[in-house]
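Results of the structural survey
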Amino acid sequence: MFFKSNNKSEEDGEQSIHSEKNIGSFSNDDELKSVVSRHTADYDLYVAKSNPSAINQAEGHKLRQALDSRHVSMIALGGALGTGLLIGTGSALKTAGPGAILVAYGAIGFVVYIVMTALGEIACWVPLNGFANYGKRYCDEALGFACGYTYLIKYLILPANQLTAGALTMQYWIDRDRVNPGVWITVFLVVIMVINFLGVRFFGEIEFWLSSLKVVTCLGLIILLWVIALGGGPTHDRIGFRFWNDPGAFLHYTDSSKDLYIGGSTGRFVSFVAVLVTAVFAYLGTELVAITFSETRNPRRAIPKAVKLTLYRILVFYVLSILFVGMCVSAKDPLLLGASGTNAGASPFVIAIKNAKIDGLDHVINACILLFVMSAANSDVYVCSRALYSLAADGYAPKFFTKTNKLGVPYYGLVVSFLFCLLAYMNVSSGSAQVFEYFVNVVSLTGLIAWTCILTFHIGFMRALKAQGFDRNKDTVYRSPLQPYATYVSLGVCVLVILIKNFTVFLGDSFTYKNFITGYIILPVFFICYFGYKFFYKTKWLSPTEVDLDTFRDVIDAEFEQYEAEDAERKAVREAEGKKYDKEWFYEKFLGWIF
């Protein structure tokens, strides 16, 4: 069933509050405050079409704008750094070799950067709640509906998957025969729910420090691998690029489960394409920061900062990590070939440390993996509750999902997320664990679909700017680079990877139909949502001249001026008190580029 309001007065409300195209500065404080505090029946009528961050619904339905720039920046980083980097790189390395994974992760890193800059540009114009709102505003209401629910499916399942990974990580120290995995799942679930129920400010602080520890861990591992590669470990073996020569930078494709070997240039190409897909999943989650925009203080400052830092973090945390891992671990290393699971034993970083004869660090890395998993689970529960809130606020889900407590927490959404987290207990039984793996494979494509939708929204936004006489170089707060070519190229790459995601099931004499079905089934779900909504409500794809670029932009402009005035006043007071170089200044100048 689709939930949507068809009240004719919504259209009247829209017309009555439609603002002028070019908004200048406000003439006085009273005018500015009156615009910022606008919360009238007009807005309530219009909320089914556009739900900007500056104002939300009635009391008891409002989110809190309690996240600072540093919170948003670290959530953007923390969403991408996870087990996909620490562990997933191992399977990619043994599949294709060090040269292939370096090129693959670098190429996908560029796509991720363009996705984030595209998202930053449209979000800085008018920040909205969730991807569904951007879809209906810039492209097609049906696309917003399909994107919103596809993304929700991802975050209904992911927290349970992360809790399972946390329980598996604990088994590195304590065997499941001694302590049932359900015990760890329960402990982790209680902690995560408490953090989320205590409000977005508390969540932001916890995630800031967890993500900061992630950053320190990754930087420490990069430096350690560099030292090992240069012969600074206990063995004093100067590895350099030895493994790029033997067994080679680009490997032939092999699949032991099918007894399949493809040699020559074809085999190397197949291996490269296979790890291209693996690289995508290592980056998934970067876009989840968009869910925080509606709870961000001064989004026009926070959003560009979070987006701009994405490029540096991709270069440092992904490209450098992949480069040094490929230098320190052979793709044919026995420890790598025999690795499986989600704990430290499957991490190429740990294998490099073991080969260098450094004792004890594998336990440290396993603790870091546990930290990564818990941070990811915490963020996933948050995103799930806000995604449901966004869909409800936009008329796509029952309205009671917009209800919030005194701390601005949409508690019904958290309850739904909690119920789906109980799926993690399937892994208490080894038989149901296999079923759960297929379940996770079903939703693994949702992130790629979200990237594709974001790029499509950006194309609609850019076309509308041009058609309606706006100049991207003058009228936008933040601009995505290399446009429009970068967005079109990135969109093509995303569509290609979606189509080839599980292409290896077609290789060899056997056909693994279960992997094929679970890997692709989310695609028909997406199209059923899209065409079902489109035919039921008779929506149409908006032409560039029909796109609404104006409504509530005056509210966002006023909010921005108010925040800027407050920040200027705080800075003036600080300097008057002789505190020019306080902790805020130090953070912005020296730590803000990475933390």
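Details of the structure are given in the entry above.
What you see is a predicted model, and the numbers here were worked out from it, not measured in a lab. (Residues numbered from 1 in each chain as written. Predicted model: local features only at pLDDT ≥ 70, side-chain atom pairs only at ≥ 80, totals over all residues. Heavy atoms only, no water.)

1. Brief notes about helix H18 (residues 411-421)
- Along H18, the positions that sit buried rather than exposed are Gly413, Leu414, Val416, Ser417 and Cys421. What you see down the axis of H18 is that its buried residues fit within an arc of 160°, all on one side.
- Lining the buried residues of H18 we find helix H9 (141-170), helix H10 (181-197) and helix H17 (361-393). (Buried < 20%, exposed > 50% of the residue type's maximum accessible area, 1.4 Å probe, protein only. Helix = DSSP H or I, 4+ residues; strand = E, 2+ residues; numbered from the N terminus. Arc of directions from axis to C-beta. Contact = heavy atoms within 4.5 Å.)

2. Structural notes on the pattern of salt bridges
- All told, the structure shown has eight salt bridges when counted by the stated rule.
- Of the charged contacts, one joins Lys534 and Asp140 as a salt bridge, the two residues approaching to 2.7 Å between their closest N and O atoms. Of this pair, Lys534 sits in helix H24 (residues 522-537) while Asp140 is found in the loop between helix H8 (130-138) and H9, placing the two residues 394 residues apart along the sequence.
- Given a relative accessible area of 17%, Lys534 falls into the buried group.
- Residue Arg553 is joined to Asp550 by a salt bridge in which the shortest nitrogen-to-oxygen separation is 3.8 Å. The pair formed by Arg553 and Asp550 is uniform in burial state, with each residue classed as buried. (Salt bridge = Lys/Arg side-chain N within 4 Å of Asp/Glu carboxyl O.)

3. Let's talk about the nonpolar core
- Counting 149 residues, the largest nonpolar core has Tyr105, Phe131, Tyr138, Trp451, Phe457 and Leu549 as the members making the most contacts within it.
- The biggest single contributor to this core is helix H7 (residues 98-125), with 17 residues. (Core = buried A, V, L, I, M, F, W, Y, C linked by side-chain atoms within 4.5 Å.)

4. Description of a nonpolar patch on the surface
- Together, Phe197, Val415, Phe418, Leu419, Phe420 and Leu422 make up an exposed nonpolar region whose accessible area comes to about 470 Å².
- Among the elements that line the nonpolar patch, the one with the most residues is H18, at four residues.
- With respect to the helices and strands, the residue Phe197 is situated in helix H10. (Patch = residues over 30% accessible without salt bridge, like charges linked within 9 Å, V, L, I, M, F, W, Y side chains within 5 Å. Areas by Shrake-Rupley, 256 points an atom, 1.4 Å probe, with all protein chains shown as cover.)

5. Notes on the side chain of Ser379
- Residue placement: Ser379 occurs in helix H17.
- Among the polar contacts listed, one links the side chain of Ser379 to the side chain of Glu207, at a separation of 3.1 Å.
- Setting aside chain neighbours within four positions, we find Ser379 in contact with Phe203 and Glu207. (Polar contact = N/O pair within 3.5 Å; in protein donor to acceptor, adjacent residues only side chain to side chain.)

6. Focus: the packing of helix H6 (residues 88-96) against helix H13 (residues 264-283)
- Running from N to C, H6 and H13 point in directions that differ by 170°, and their axes come no closer than 9 Å. On the basis of the axis angle, H6 is roughly antiparallel to H13. In this structure, H6 contributes Gly88, Ser91, Ala92, Thr95 and Ala96 to the contact, and H13 contributes Ser271, Phe272, Ala274, Val275 and Thr278.
- Across the contact of H6 with H13, the residue classes break down as five nonpolar, five polar and no charged. (Axes fitted to C-alpha atoms, helices over the stretch in contact; angles between N-to-C directions. Parallel < 35°, antiparallel > 145°, perpendicular 65-115°, else oblique. Nonpolar A, V, L, I, M, F, W, Y, C, P; charged D, E, K, R; others polar.)

7. Topic: the packing of aromatic side chains
- Tallying each qualifying case throughout the model produces 25 aromatic pairs.
- Both rings, one in Tyr138 and one in Phe461, keep their centres 5.2 Å apart while their planes meet at 80°; by these two values the pair is edge-to-face. Taken together, the residues Tyr138 in helix H8 and Phe461 in helix H20 (residues 446-467) connect sequence positions 323 residues apart.
- Classification of Tyr138 by relative accessible area gives buried; the value is 1%.
- Exposure remark for Phe461: the relative accessible area of 0% places this residue in the buried category.
- Taking the centre distance of 4.3 Å and the plane angle of 10° together, the rings of Phe203 and Tyr382 count as stacked. With a gap of 179 residues between them, Phe203 in helix H11 (residues 200-229) and Tyr382 in helix H17 connect regions that are remote in the sequence.
- Overall, the relative accessible area of 1% leaves Phe203 in the buried class.
- In textbook terms, an aromatic cluster arises when at least three aromatic residues are bridged by ring pairs, as seen for Phe145, Tyr149, Tyr396, Tyr533, Phe536 and Tyr537.
- Here Lys214 stacks its cationic end above the ring of Phe372, 5.5 Å away from the centre of that ring. (Phe/Tyr/Trp six-rings, centres within 6.5 Å; stacked < 30°, edge-to-face > 60°. Lys NZ or Arg CZ within 6 Å of the ring centre and 35° of its normal.)

8. Some thoughts on the environment of Trp125
- Of note, Trp125 is situated in helix H7.
- In contact with Trp125, other than residues within four places in its own chain, are Tyr138, Arg300, Phe461, Leu465, Phe470, Asp475, Thr476, Leu549, Arg553 and Ile556.
- Within the local environment of Trp125, its side chain forms a polar contact with the backbone oxygen of Leu549, the two atoms lying 2.8 Å apart.

The values reported here are purely geometric and, on their own, carry no functional implication.
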